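Report on the structure
So you can see what is in the structure, the chains are spelled out below.
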Amino acid sequence: MVKRLFLYVQLPLQTIYHPTLIKWDPNESNRSLLKRLSLSRQPTSSSVKICTSNKKKARDSLRRDERFRRKREEDRNPELRRERLIRNVPHTIDKKRVWDEVEGDGLNASVDVEQLKRRRIEEAEAADNEPLGEGAEESNDDKDSMLDSESGPESEDDEEKEQKSRKRAASNAPSTTSTNLDLTPTSLSLKFPTLFTDTPPPVPKILLTTSINSTLHNEAQLLCTLFPNSTYIPRSSHRYGHKYSLREISKFAANRSYTSVILLKEDSKVPTGLTVVHLPSGPTCHFSIANWVEGKKLPGHGNPTNHYPELILNNFRTPLGLLTARLFLTLFPPQPELQGRQVVTLHNQRDYIFLRRHRYVFREKRETEKSVVGPDGKVVQGVEDIRAGLQELGPRFTLKLRRVDKGVGRAGSEGDDAVQWQWKAHMEKQRTRFNL
């Protein structure tokens, strides 16, 4: 009978740090024994995890010490903080946005309307000043030849005129997100005359409906609380009923002084699309809906009231963006009720429109809070001890523009330009170009 012996084998310190008990068999070959010894030298998973966590703790500790050291230096010298903030500008996709180098202002052109208008004004001023150059030289020659005692007052008048005609300097803190609808191109106003009018828009009256046999009755009621003066009418395909189309519904609503029709679409009992028709003759914008969240599912949510909300339109900079912003502007009353302290925000970022509704309140600043800082990085004067608190009311969702029809839907649009703009997959091939 073969006897098994138990030997204590002391392995090298660089391989393992404690003696290992090896069960040895006299009939076992040296190769198998060495193989078992090599396997015993492999570190365990627990030791690897401990080593990795220790490295992470040491790295985090160094970073924290570096932050506190930098904070102490910047507290002694605030100029270091200003230089660091100027130097550490994040290179996001929004910062790398590119524009189309075209002179047109159509819906398919991704051009900044503010830069386009400024360029056209400069070209017009240059064209007006060109013929005046020769006349100015002649007048200067005449003035040199005649030296009168009345030259003093005339020079003073010229200086006053130059000061009045001098261009105003640019603001130190220009707003890069606000939408200026006054920059709407003339071609866009001529193409959609009922949407872009000089007269102030009337108080909206909205007809809200869904697709046929839809189950989104609760979601439609939530949209009625979001858009003031809206009425929800469900659609069904009863065997004795008539399946009215969107064009027929729009005609019915236009005859009853409605200003807009909103159609909510669904898929698998989830909102997936939103169609907004501007009455009486269009345009029609089709949006897709993503990330729908009801107000009651938001943590710390509030309950909305019937007050007219304020409207904020952010970062709509192209002709297509101004068309979209103007369409949403017609869905809200022009005079908000400030006592309700409700605000609806439509923020465009990378062609996605984020819709949020909040209630705000002005309160005193706490000791642990900082003062309100403007876009220039300086504290806003007059509101050093005031902060604004926000409470989200809901619903929240994300929109993406898919198609723009000239008339009431695709069926109600006529001509070659019936579809003014339509989203294509190749439009997102270049990640730094956006349509809104």
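Let me sum up the structure you'll find in this document. (Residues numbered from 1 in each chain as written. Predicted model: local features only at pLDDT ≥ 70, side-chain atom pairs only at ≥ 80, totals over all residues. Heavy atoms only, no water.)

Concerning the overall build of the protein
Condition: Think of it this way: any DSSP run of H or I at least four residues long counts as a helix, any run of E at least two long counts as a strand, and we number them from the N terminus. With a 1.4 Å probe rolled over the protein chains alone, any residue whose accessible area is under 20% of its type maximum counts as buried; one over 50% counts as exposed, and the rest are partly exposed. For this analysis, residues touch if any pair of their heavy atoms sits within 4.5 Å. Only the protein chains shown count as cover for residues, and the accessible areas themselves come from Shrake-Rupley with a 1.4 Å probe.
When you go through the protein residue by residue, the secondary structure sums to nine helices and 13 strands. Sorting the 436 residues of the protein into buried and exposed places 32% on the buried side. Of the contacts formed within the protein by residues at least 6 apart in sequence, a portion of 65% connects residues at least 24 apart. Summed over its atoms, the accessible surface of the protein is roughly 29,400 Å², and 52% of this surface lies on carbon and sulfur atoms.

A closer look at the pairing of strand E5 (residues 260–267)
Counted only if it meets this: Any two strands with at least two DSSP bridges between them are considered paired.
Strand direction decides the pairing type here: strand E3 (residues 206–210) and E5, joined by five bridges, are parallel. In the sheet register, isoleucine 206 faces E5, and the bridge partner there is serine 260.

Topic: the packing of aromatic side chains
Test applied: Two aromatic rings from Phe, Tyr or Trp, using only the six-membered ring of Trp, form a pair when their centres are within 6.5 Å; if the ring planes differ by under 30 degrees the pair is stacked, by over 60 it is edge-to-face, and anything between is tilted.
What the rule picks out here adds up to four aromatic pairs. With a centroid separation of 5.4 Å and 45° between ring planes, the pair formed by phenylalanine 287 and phenylalanine 328 is classed as tilted. With phenylalanine 287 in strand E7 (residues 284–293) and phenylalanine 328 in helix H9 (residues 319–329), this residue pair connects regions lying 41 residues apart in the sequence. Assessed through its relative accessible area of 4%, phenylalanine 287 is described here as buried. An angle of 15° between the planes, with centres 5.1 Å apart, marks the rings of tryptophan 292 and phenylalanine 397 as stacked. On the criterion of sequence distance, the pair formed by tryptophan 292 in strand E7 and phenylalanine 397 in strand E12 (residues 396–405) is long-range, its members being 105 residues apart.

Here we look at helix H8 (residues 246–254)
Condition: Directions are taken from the helix axis to each C-beta atom, and the arc is the one they span.
Turning to H8, its buried residues number three or more, namely Leu246, Ile249, Ser250 and Ala253. Down the axis of H8, the buried side of the element spans an arc of 100°, and every buried residue falls inside it.

Focus: the pattern of salt bridges
The condition that has to hold: Counted as salt bridges are all cases of a side-chain nitrogen of Lys or Arg within 4 Å of a carboxyl oxygen of Asp or Glu.
Overall, the coordinates contain 19 salt bridges when judged by the stated rule. For aspartate 100, the salt bridge identified is with arginine 433, shortest N-O distance 2.8 Å. Of this pair, aspartate 100 sits in the loop between helix H3 (78–87) and helix H4 (113–145) while arginine 433 sits in the segment after strand E13 (419–422); the two residues are 333 residues apart in sequence, bridging distant segments of the chain. Classification of aspartate 100 as partly exposed rests on a relative accessible area of 24%. You can call arginine 433 buried: its relative accessible area is 18%. Linking arginine 317 and aspartate 112 is a salt bridge whose minimum nitrogen-to-oxygen distance equals 2.8 Å.

A look at unusual backbone geometry
Cis geometry is adopted by the peptide bond preceding proline 280, which originates at leucine 279 and carries an omega value of 10°. Its place among the elements puts proline 280 in the loop between strand E6 (270–278) and E7. With an omega of -5°, the peptide bond between glycine 394 and proline 395 qualifies as cis. Structurally, proline 395 can be placed in the loop between strand E11 (386–392) and E12. Unlike most non-glycine residues, asparagine 213 shows phi in positive territory, near 55°. Looking at where asparagine 213 falls in the secondary structure, it is placed in the loop between E3 and helix H7 (217–226). If you check the backbone angles, serine 257 has positive phi at about 65° while not being a glycine.

Re the side chain of aspartate 405
Stated formally: Any pair of N or O atoms that falls within 3.5 Å is considered a polar contact. Within protein, one atom must be able to donate a hydrogen and the other to accept it, and sequence-neighbouring residues count only if both atoms are side-chain atoms.
Along the polypeptide, aspartate 405 turns up in strand E12. Classification of aspartate 405 by relative accessible area gives buried; the value is 0%. Here histidine 286 takes part through its side chain, which lies 2.9 Å from a polar atom of the side chain of aspartate 405.

Observations regarding the environment of valine 98
As for its position among the elements, valine 98 is in the loop between H3 and H4. As a C-alpha pair, valine 98 and threonine 432 span 334 residues in sequence and 5.9 Å in three-dimensional space. Sequence-distant contacts of valine 98, defined by excluding residues within four places in its chain, comprise Ser110, Gln430, Thr432 and Arg433.

Quick word on the nonpolar core
How we decide: Residues enter a nonpolar core if they are buried and are Ala, Val, Leu, Ile, Met, Phe, Trp, Tyr or Cys, with the set joined through side-chain atoms within 4.5 Å.
Of all hydrophobic cores here, the largest spans 42 residues; its most connected members are Leu223, Leu274, Phe287 and Leu323. With sequence-adjacent residues up to four places away left out, leucine 223 is seen in contact with Leu208, Ser230, Leu264, Leu274, Trp292 and Phe397. Counting 10 residues, the second-largest nonpolar core is a separate cluster that includes Tyr258, Val261, Leu263 and Val277.

Shape is all these values report; function is a separate question.
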